[in-house]
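Architecture at a glance
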Amino acid sequence: MKSILHLTDKYLPLTNTFTYDEVKYLKLFKPIFLVSKIENLEVFPFPRKQIYKIHYFLIKNKFYYINSKIKEKTLNIIRLLLDPILWPIVKIKLRKIIKENNVKLIHCHWGTNAPGFLKIKEYLKLPMVTFFYRHDVSIVQKSRKKSFYKCLFKKGDLFLTESRFLGDKLIKMGCPENKLIILRQGIDLNDFRFNPKKLKKGEKIKILTVGRFTEMKGIEYAVQAFAESCKKHSNIELRLMGDGELRPKIESLIDNLKIRNKVVMLGMQPYNKLVEE
């Protein structure tokens, strides 16, 4: 059976349900992963023999860090100097993976990963699809030169993203329109069946917000909107599922708005807990 080689940092962070959904429904191709770290297999069941673990310092020859250009530059210099030693090792490992799985396509998750895998693409002589999700477009557009993805856009075969908004941003950054496809990411409706609910006397209306506590998710605005609703409705409860660097700020906002007794912090939860909620 033909295979698709998926390249991503980890298999799989709790927040990457979308990546799991991309592979679990494949029928014509066998998905395999090449990752630097394996985690949450109990949450995202997948054949262990189809996950290859190789540290990314070996297989990537270009690195990107959102918050540290100095670290990024230093690591890239070290990797460049070590390439004559590391590349022969990488080629041996890659040949084994390709031979065992009849790989026909490389699927790179996150645009910021992709430039570091172009050498692998060229060595294997395989087409490479890159999926852009969020920060790999918006943050790179703000913090890097327009030429950041120039080589990737030239050598990559196809680019995917989930919205027209992100697609337009990629085009402004230099992505050829004829290489870009908007691919909507869906959910399994069997997990979220509609059940009409009738509120019992004294029962609270529960509002669930799910997402990482980062600026782009806008959790603070959900909290502020909920606080406004509390002025008119006394039987409502906000349940926040997620975590992140803005949690202290969100916690402080909840206290300042005096709605602590109406907010439940659920923390980071696996997908099955989301479905239960």
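No experiment lies behind these values; they were computed from the predicted model shown.

Counting its regular elements, the protein chain contains 10 helices and 12 strands. Oriented by its inertia axes, the alpha-carbon framework of the protein chain measures out at about 70 × 40 × 35 Å. Counting over 277 residues, the protein chain shows a buried share of 45%. Look at the contacts in the protein chain between residues 6 or more apart in sequence, and 66% of them connect residues 24 or more apart. Here the protein chain displays about 16,200 Å² of accessible surface, and carbon together with sulfur accounts for 57% of that area. Of the side chains in the protein chain, 55 bear a positive and 27 a negative charge, and the two mean positions are spaced by 5 Å.

We now examine the sheet that holds strand β11 (residues 236-241). Strand order in the open sheet formed by 3 strands is β10-β11-β12, and the pairing between neighbours is parallel. Looking at the sheet topology across the chains shown, the edges are occupied by β10 (205-210) and β12 (263-267). Direction aside, neighbouring strands of the sheet carry axes that sit 20° apart on average. In the sheet, β10 pairs with β11 via 6 bridges, with the strands oriented parallel. Bridge pairing links Ile-205 to Ile-236 in β11. Sitting on the sheet, helix α8 (residues 219-230) touches β10, β11 and β12, and the angle it makes with β11 is about 170°. Sitting on the sheet, helix α9 (residues 247-256) touches β11 and β12, and the angle it makes with β12 is about 165°.

Take the side chain of Ser-36 next. When you line up the elements, Ser-36 lands in the loop between β3 (30-35) and β4 (37-38). Judged by its relative accessible area of 18%, Ser-36 falls in the buried class. Only 3.3 Å separates the side chain of Ser-36 from the backbone nitrogen of Tyr-56, close enough to count as a polar contact. For Ser-36, the residues in contact, after removing those within four places along its chain, are Thr-8, Asp-9, Lys-53, Ile-54, His-55 and Tyr-56.

On to the sheet that holds strand β9 (residues 180-182), then. The parallel open sheet is built from 7 strands, whose spatial order is β5-β3-β1-β6-β7-β8-β9. In this open sheet, the two strands that pair with only one neighbour each are β5 (51-53) and β9. With direction set aside, neighbouring strand axes in the sheet form an average angle of 25°. Across 4 bridges, strand β6 (residues 103-109) lies against strand β7 (residues 128-132) in parallel orientation. Paired with His-109 across the strands is Phe-131, a residue of β7.

This part covers empty space enclosed by the protein. In total, this model carries 1 cavity of 30 Å³ or more according to the counting rule given. The computed volume of the largest cavity comes to approximately 50 Å³. Around the largest cavity sit Phe-213, Thr-214, Glu-215, Gly-218, Ile-219, Glu-220, Leu-246 and Ile-250, which together line it. The residue inventory of the lining of the largest cavity, partitioned by class, reads 4 nonpolar, 2 polar and 2 charged.

Taken together, the side chains of Ile-187, Leu-189, Phe-192 and Val-275 define a hydrophobic patch exposed on the protein surface, amounting to about 360 Å² of accessible area. By the element assignment, Phe-192 lies in the loop between β9 and β10.

Along the chain, Arg-144 falls in the loop between α5 (135-143) and α6 (150-155). At 2.5 Å, the side chain of Arg-144 forms a polar contact with the side chain of Glu-72. When sequence neighbours within four positions are dropped, the list of residues in contact with Arg-144 reads Tyr-64, Tyr-65, Lys-69 and Glu-72.

Under the defined criterion, the tally for this structure stands at 19 aromatic pairs. An angle of 85° between the planes, with centres 5.3 Å apart, marks the rings of Phe-33 and Phe-46 as edge-to-face. A residue pair is termed long-range when its members are at least 10 positions apart, and Phe-33 in strand β3 and Phe-46 in the loop between β4 and β5 qualify at 13 residues. When sorted by exposure, Phe-33 lands in the same class as Phe-46, which is buried. With a centroid separation of 5.2 Å and 85° between ring planes, the pair formed by Phe-132 and Tyr-149 is classed as edge-to-face. Taken together, the residues Phe-132 in strand β7 and Tyr-149 in the loop between α5 and α6 connect sequence positions 17 residues apart. The pair formed by Phe-132 and Tyr-149 is uniform in burial state, with each residue classed as buried. Three or more aromatic residues joined by ring pairs make a cluster, and in this case those are Tyr-64, Phe-132, Phe-148, Tyr-149, Phe-153 and Phe-159. Lying over the aromatic face of Phe-148, Lys-62 brings its terminal NZ or CZ to 5.6 Å of the ring centre. Geometry around Trp-87 places Lys-119 over its ring, the cationic atom sitting 4.6 Å from the centre.

Procedures and definitions
Residues numbered from 1 in each chain as written. Predicted model: local features only at pLDDT ≥ 70, side-chain atom pairs only at ≥ 80, totals over all residues. Heavy atoms only, no water. Helix = DSSP H or I, 4+ residues; strand = E, 2+ residues; numbered from the N terminus. Buried < 20%, exposed > 50% of the residue type's maximum accessible area, 1.4 Å probe, protein only. Contact = heavy atoms within 4.5 Å. Areas by Shrake-Rupley, 256 points an atom, 1.4 Å probe, with all protein chains shown as cover. Lys, Arg positive; Asp, Glu negative; His and termini not counted. Charge placed at Lys NZ, Arg CZ, Asp CG, Glu CD. Pairing = 2+ DSSP bridges. Axes fitted to C-alpha atoms, helices over the stretch in contact; angles between N-to-C directions. Polar contact = N/O pair within 3.5 Å; in protein donor to acceptor, adjacent residues only side chain to side chain. 1 Å grid on protein atoms, 1.4 Å probe; cavity = no way out; pocket = protein on both sides within 12 Å on 5 of 7 lines; lining within 4 Å. Points joined across faces, edges and corners; volume = space filled by probe spheres on them. Nonpolar A, V, L, I, M, F, W, Y, C, P; charged D, E, K, R; others polar. Patch = residues over 30% accessible without salt bridge, like charges linked within 9 Å, V, L, I, M, F, W, Y side chains within 5 Å. Salt bridge = Lys/Arg side-chain N within 4 Å of Asp/Glu carboxyl O. Phe/Tyr/Trp six-rings, centres within 6.5 Å; stacked < 30°, edge-to-face > 60°. Lys NZ or Arg CZ within 6 Å of the ring centre and 35° of its normal.

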